[in-house]
Amino acid sequence: MSPTRRTTRRSLARRRVPRAAALALLLATATACANDVPEADWSRGLLPGHITEEGNVVQSLWNGAWIAALATGAVVIVLIVWASIFHRKRRAKAELPPQVRYNLPIEMLYTLIPLVMVSVFFFFTARDSERLTQISGNAPVKVKVEAYQWSWRFTTTVNGKTLPPVSGVPVSDYNQGPQLVLPTKTKVEFDLQSDDVIHSFWVPEFLFKRDVIPGIPEDNPGRKFEITTLDRTGVFAGRCAELCGVDHSRMLFSVKLVPQAEFDQYIATQQAGSAQ
Ligand SMILES: [Cu+2]
């Protein structure tokens, strides 16, 4: 290689490094700017702070699963280290150490312990899934969610009175998407419906998502779920969590939690608007 070519290469590399660094910085800041990613909290095991009573159930299942998994991992690592330190092959001895094949107590132990562990996991998962999919049917606020390519239509019914629907178009900022207004400390029933493809209704702060599958008949519990909102106000991003076509990533919406008085006001303006 000629010296001139070498210097050209070096200067090219020198020029490329800052460019790559600038690009990395831009990517990092662009990701950080995405305003619909809730803050993950280490004290909650990286889950966002939840806004529903059901979120408590999910959070404790999550914590319990992590504690059990970490405890199992710790026991296994201690056993591996112990075996590799205290049970090394000794050079002087050529014969095999005592063999423990067909040792009934040990074989029973390593069959029963995993069985018990899986059963405990299964018990808590089944108990909590049961709790999360329960529907009382007496929620004062009911929301019909219609998912379509690529947005949402929310129709809220409060104590039997139906408000005009709120529907949206694909957007890149959830604040511009359709907004679902809900009162705090209230039971809300969701009924999910799709007429085209499978979508998934997801508000990260609910710590819950559910597929919206076309063809499920009305009144089928498979398309419903219920939450009780906590006393936490704010605007929370929601999205479709099932790849459903070209504008899937722009299928954004928001949920606004307001105190009951503000919610009553919202209902009044909505009804007045629809009466005109
Ligand atoms: Cu979708």
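Everything numeric in this text was worked out from a predicted model, so none of it was measured.

Draft legend 1. Structural detail: the coordination of the copper ion. The coordination sphere of the copper ion contains the protein donors His-199 (ND1), Cys-240 (SG), Cys-244 (SG) and Met-251 (SD), at a distance range of 2.1 to 2.6 Å. Each of the 4 donor atoms bound to the copper ion contributes to angles spanning 93 to 125°, and the resulting shape is tetrahedral. Of note, the copper ion draws all its donor residues from one chain, in the sequence arrangement H-x40-C-x3-C-x6-M. In this pair, His-199 is assigned in strand S7 (residues 199-203) and Cys-244 in the loop between strand S10 (234-240) and strand S11 (252-258), connecting sequence segments 45 residues apart. Comparing His-199 with Cys-244, the two get one shared label, buried.

Draft legend 2. Spotlight on the pairing of S7. Counting buried positions along S7 yields 4 of 5 residues, so the element is predominantly enclosed. Taken together, the 5 bridges between S7 and strand S8 (residues 208-212) define a ladder with antiparallel strand orientation. By the bridge assignment for S8, His-199 is matched with Val-212. What sits between S7 and S8 in their antiparallel hairpin is a turn of 4 residues, with Leu-207 showing a positive phi close to 55°. Two strands pair when backbone bridges link them, and S7 and S10 are joined in this way by 2 bridges, in the antiparallel orientation.

Draft legend 3. Quick look at the UniProt feature "transmembrane region" (unreviewed entry) in the chain. As annotated by UniProt and renumbered to match this structure, "transmembrane region" (unreviewed entry) occupies residues 65-87 and 108-126. When the span residues 65-87 is considered, its composition is 96% helix and 0% strand, and the gap between its end C-alpha atoms is 32 Å. Helix makes up 100% of residues 108-126 and strand 0%. Its end C-alpha atoms lie 26 Å apart.

Draft legend 4. Looking closely at the side chain of Arg-210. Tracing the backbone shows Arg-210 in strand S8. Lacking a salt bridge, the buried Arg-210 has Asp-211 as its closest oppositely charged neighbour, with an N-O distance of 8.0 Å. Only 2.4 Å separates the side chain of Arg-210 from the backbone oxygen of Lys-224, close enough to count as a polar contact. Setting aside anything within four residues of it in sequence, one finds Arg-210 in contact with Thr-133, Leu-192, His-199, Ser-200, Phe-201, Pro-221, Gly-222, Arg-223, Lys-224 and Phe-225.

Draft legend 5. Geometry of the environment of Ser-119. By secondary structure assignment, the location of Ser-119 is in helix H3 (residues 104-132). A relative accessible area of 41% means that Ser-119 is categorised as partly exposed. A distance of 2.6 Å separates a polar atom in the side chain of Ser-119 from the backbone oxygen of Leu-115.

Draft legend 6. Here's a closer look at helix H2 (residues 53-86). Between its first and last C-alpha, H2 extends 50 Å over 34 residues, near the 50 Å set by a 1.5 Å rise per residue. Among all positions of H2, only Glu-54, Gly-55, Val-57, Val-58 and Gln-59 are buried. Where H2 is buried, its residues contact H3 and strand S9 (224-228).

Draft legend 7. Quick look at the nonpolar core. Among the nonpolar cores identified, the biggest contains 39 residues, and Val-143, Trp-152, Leu-182, Phe-190, Phe-201 and Phe-206 are the most heavily contacted of them. Setting aside its immediate chain neighbours within four residues, Phe-190 contacts Val-143, Val-145, Leu-180, Leu-182, Phe-201, Phe-206, Arg-223, Lys-224, Phe-225 and Ile-227.

Draft legend 8. Quick peek at unusual backbone geometry. Here the bond from Gln-149 into Trp-150 is cis, since omega is 0°, no more than 30 degrees from zero. Residue placement: Trp-150 occurs in the loop between strand S1 (141-148) and strand S2 (151-158). Positive phi values are uncommon outside glycine, yet Tyr-102 reaches one of about 60°. Among the structural elements, Tyr-102 can be located in the loop between H2 and H3. A relative accessible area of 72% means that Tyr-102 is categorised as exposed. In this structure, Lys-185 takes a positive phi of about 50° despite not being glycine. Its location among the elements puts Lys-185 in the loop between strand S5 (179-183) and strand S6 (187-194).

Calculation notes
Residues numbered from 1 in each chain as written. Predicted model: local features only at pLDDT ≥ 70, side-chain atom pairs only at ≥ 80, totals over all residues. Heavy atoms only, no water. Donors = N, O, S within 2.8 Å, 3.2 Å for Na, K, Ca; no water. Tetrahedral: all angles 85-135°; square planar, octahedral: opposite > 155°, others 65-115°. Helix = DSSP H or I, 4+ residues; strand = E, 2+ residues; numbered from the N terminus. Buried < 20%, exposed > 50% of the residue type's maximum accessible area, 1.4 Å probe, protein only. Pairing = 2+ DSSP bridges. UniProt positions renumbered as here; feature names shortened; annotations may be inferred. Lys, Arg positive; Asp, Glu negative; His and termini not counted. Salt bridge = Lys/Arg side-chain N within 4 Å of Asp/Glu carboxyl O. Polar contact = N/O pair within 3.5 Å; in protein donor to acceptor, adjacent residues only side chain to side chain. Contact = heavy atoms within 4.5 Å. Expected span 1.5 Å × (residues − 1). Core = buried A, V, L, I, M, F, W, Y, C linked by side-chain atoms within 4.5 Å.

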